[in-house]
Amino acid sequence: MVRVLAVADEVVDGLTHGLVEQLAPDLILGAGDLPFDYLETLSTRSGAPCVFVPGNHDRDLAGFHRGRSGWTRAGLPAVDPGPAGAVNADGRVVTVAGLRIAGLGGSIRYNDGPNQYREGAQRRRADLLRWRHRIAVRTRRVGARPQSDPQVDILLTHSPARGYGDGDDGPHIGFRCLVDLVQSLRPQALIHGHIHPYGQAPQDRRIPLDRGDTARRPTTSAASTPCASTLSLNTVGYTVFDIEAGGTGITVRRRRHGS
């Protein structure tokens, strides 16, 4: 069993003043729009690795490459562009703390800022992520599990899927392609940020894994995810949950909703 601390969008000062040590996570997940030094502090204080995707208010991380000699951009030496020591899962499938994590950052395009995509562009990125996962499973590059077990444990995004916890205003509309991606990768949970609850408890949703099932049923944060659906969880603020690699759902242990 892996204990995960997932954070997004809002800094919670208590986490950096002793709480993260008490929570003792095995893994930190950053779902975007947080200061990179905040993620570094959480990882350092807890001793847990950090996996993140960028949000629409984060810096543009495109074009950076890590080689044997360090980081480069456009062929020139560069410093680590993200949180020091963290794993940028945007557009990738990575295995960290025994969990297989697929990442797709960014939000719907609403201005000329970084990490924003039109639906069509994000769908192409989702298709590429799906292809990369398929190839990695065939060549067994995404972990030590048997080749017959291609399951992704967590889909980490910044934006939610369209119709599953997103907003109605332009900047907060979710991506339709994320529904298809969930139904292809079949993760135990989709962890996202971007949608601030403004003091209200966010309505988490279950995304049906059967493409013919269009039902949208809200769930409580204390519930485990059934096999027939994937829990879409808004982690603005923070969420602590337990998950087993290759399992059938997550169990939320503690949560602080965003303001």
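The structure we're discussing is the one just above.
Residues numbered from 1 in each chain as written. Predicted model: local features only at pLDDT ≥ 70, side-chain atom pairs only at ≥ 80, totals over all residues. Heavy atoms only, no water.

**A few points about the environment of threonine 248**
Moving on, step 1. Structurally, threonine 248 is set in the loop between strand E17 (237-243) and strand E18 (250-257).
Moving on, step 2. Separated by 20 residues in sequence, threonine 248 and alanine 228 have C-alpha atoms that sit 9.1 Å apart. (Helix = DSSP H or I, 4+ residues; strand = E, 2+ residues; numbered from the N terminus.)

**Side note on the sheet that holds strand E7 (residues 87-88)**
Moving on, step 1. The strand order E7-E3-E2-E1-E17-E18 describes an open sheet built from six strands, whose pairing is mixed. At either margin of the open sheet sits one strand with a lone partner, and together these are E7 and E18.
Moving on, step 2. The sheet contact formed by strand E1 (residues 2-8) and E17 spans seven bridges and is antiparallel. By the bridge assignment, arginine 3 is partnered in E17 with aspartate 242. (Pairing = 2+ DSSP bridges.)

**Let's talk about the pairing of strand E16 (residues 229-234)**
Moving on, step 1. Burial within E16 is extensive, with six of its six residues counted as buried.
Moving on, step 2. With burial as the criterion, each face of E16 is covered, one bearing Ser229, Leu231 and Leu233 and the other bearing Thr230, Ser232 and Asn234.
Moving on, step 3. As paired elements, strand E13 (residues 189-192) and E16 share four bridges and run parallel to each other. When the bridges of E16 are listed, isoleucine 191 appears paired with leucine 233. (Buried < 20%, exposed > 50% of the residue type's maximum accessible area, 1.4 Å probe, protein only.)

**Describing the nonpolar core**
Moving on, step 1. With 24 residues, the main nonpolar core has Leu29, Val51, Ile101 and Phe241 as its most contacted residues.
Moving on, step 2. Broken down by element, the residue count for this core peaks at four residues, all from E1.
Moving on, step 3. When neighbours within four sequence positions are excluded, phenylalanine 241 is seen to be in contact with Val2, Arg3, Val4, Ala6, Leu29, Ile154, Ile191, Ile250, Thr251, Val252 and Arg253.
Moving on, step 4. Judged by nonpolar contacts, the second largest core, of 21 residues, contains Ile108, Leu155, Val179 and Leu190. (Core = buried A, V, L, I, M, F, W, Y, C linked by side-chain atoms within 4.5 Å. Contact = heavy atoms within 4.5 Å.)

**Some details on the environment of arginine 254**
Moving on, step 1. With respect to the helices, strands and loops of the structure, arginine 254 is situated in strand E18.
Moving on, step 2. You can call arginine 254 partly exposed: its relative accessible area is 41%.
Moving on, step 3. Sequence separation of arginine 254 and leucine 5 is 249 residues, and the distance between their C-alpha atoms is 9.3 Å.
Moving on, step 4. For arginine 254, the residues in contact, after removing those within four places along its chain, are Leu19, Leu23, Tyr238, Thr239 and Val240.

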